[in-house]
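# An overview of the molecular structure
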Amino acid sequence: MSEQDILLREDRGTTVLLTLNRPAARNAISKALAERLNAELSAIALRRDIRVVVITGSGEASFSAGTDLKERRDMNADEKWAQSGALRKACETLWGLPQPVIAAISGWCLGGGFELACNCDIRIAAESATFSWPEMRLGAYPGGSAGVVFPRLVGRARAKELFFTARNVLAPEALELGIVERVVPAGEHVGAALAMAEEIAINSSPLGAAAAKRMVNAGADMSMGDASALNDALRRPLEGTHDYEEGIRAFFEKRRPEWRGE
């Protein structure tokens, strides 16, 4: 399998479907895969015609089993850190991507794969999905930003419990804890994610979605004053855009808006 084959891309109108494609390794994240994903996401960030990104794993058995431990086995400490750094960069790009990102998850979602999912905006899981932080059993902890983003999903105390115990969390509990937003029958996770992507593309303008994502991601950690200032800085420019006027026209004309991202 070439490096081009380890990440598959499928353009579906205004949605891009990215598939982690290392099924023989349970879609484990090698340095090459992390770098390839980061490059693809960085290019997508510049495209106004791409409205939503869906990320999934090849096959039903795994979204991703985490960082590629076989690759790490013969690495020295610096090489291991470089591999981890490639994953961190991909996670950071996911978090800051202007477009909404949906993770479509089935089977194992572990370690580095779980971190990728945490940095997406929405997570849809098949009933088969299982989540865990196995790094804790290896003498470390998740280093691709999970220590920052996971507590935002489940709260600090729950994040600590799941880190410390490294226990498996099945899809129903993941829904209850707020790890995922939706659980669907086996095999329907990608279809559900694509349907949601279409709904997002219809109902929110590109500029509005990007601003809302930035506000939610940043605002939770700010004081009320700073958050209000950011809110004004993000919201005020939208008033003069084509898409805001188009949204109002479409409302009164009882039709779907035609967003241009400007």
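Right, let's walk through the structure included here. Note that the coordinates shown come from a computational prediction; the quantities given were computed from them, not determined experimentally. (Residues numbered from 1 in each chain as written. Predicted model: local features only at pLDDT ≥ 70, side-chain atom pairs only at ≥ 80, totals over all residues. Heavy atoms only, no water.)

Now for the sheet that holds strand 3 (residues 52-57). If you trace the six strands from one edge of the open sheet to the other, you get 1-2-3-5-7-10, paired in mixed fashion. Strands with a single pairing partner mark the edges of an open sheet, and in this sheet they are strand 1 (7-12) and strand 10 (182-184). Each adjacent strand pair in this sheet contributes to an overall mean axis angle of 20 degrees, direction not counted. Note: strand 1 against strand 2 (residues 15-20), six bridges, orientation antiparallel. Bridge pairing links Arg 9 to Leu 18 in strand 2. (Pairing = 2+ DSSP bridges. Helix = DSSP H or I, 4+ residues; strand = E, 2+ residues; numbered from the N terminus. Axes fitted to C-alpha atoms, helices over the stretch in contact; angles between N-to-C directions.)

Under the definition given, this model contains 19 salt bridges. The partner of Asp 11 in a salt bridge is Arg 9, and the shortest N-O contact between them spans 2.9 Å. Asp 11 gets classed as partly exposed once you look at its relative accessible area, which sits at 45%. The residue Glu 161 makes a salt bridge to Arg 158 at a minimum N-O spacing of 3.1 Å. Separated by three residues within a single helix, Glu 161 and Arg 158 lie in helix 6 (residues 156-165), roughly one turn from each other. (Salt bridge = Lys/Arg side-chain N within 4 Å of Asp/Glu carboxyl O. Buried < 20%, exposed > 50% of the residue type's maximum accessible area, 1.4 Å probe, protein only.)

Residues separated by three or four positions in an α-helix point in the same direction, a consequence of the helix having 3.6 residues per turn. Between its first and last C-alpha atoms helix 1 (residues 31-44) spans 20 Å; for 14 residues at 1.5 Å apiece the expected length is 20 Å, and the two agree. For helix 1, the set of buried residues is Leu 33, Ala 34, Arg 36, Leu 37, Asn 38, Glu 40, Leu 41 and Ile 44. Where helix 1 is buried, its residues meet strand 1, strand 2, strand 3, helix 3 (77-96) and helix 4 (111-118). (Expected span 1.5 Å × (residues − 1). Contact = heavy atoms within 4.5 Å.)

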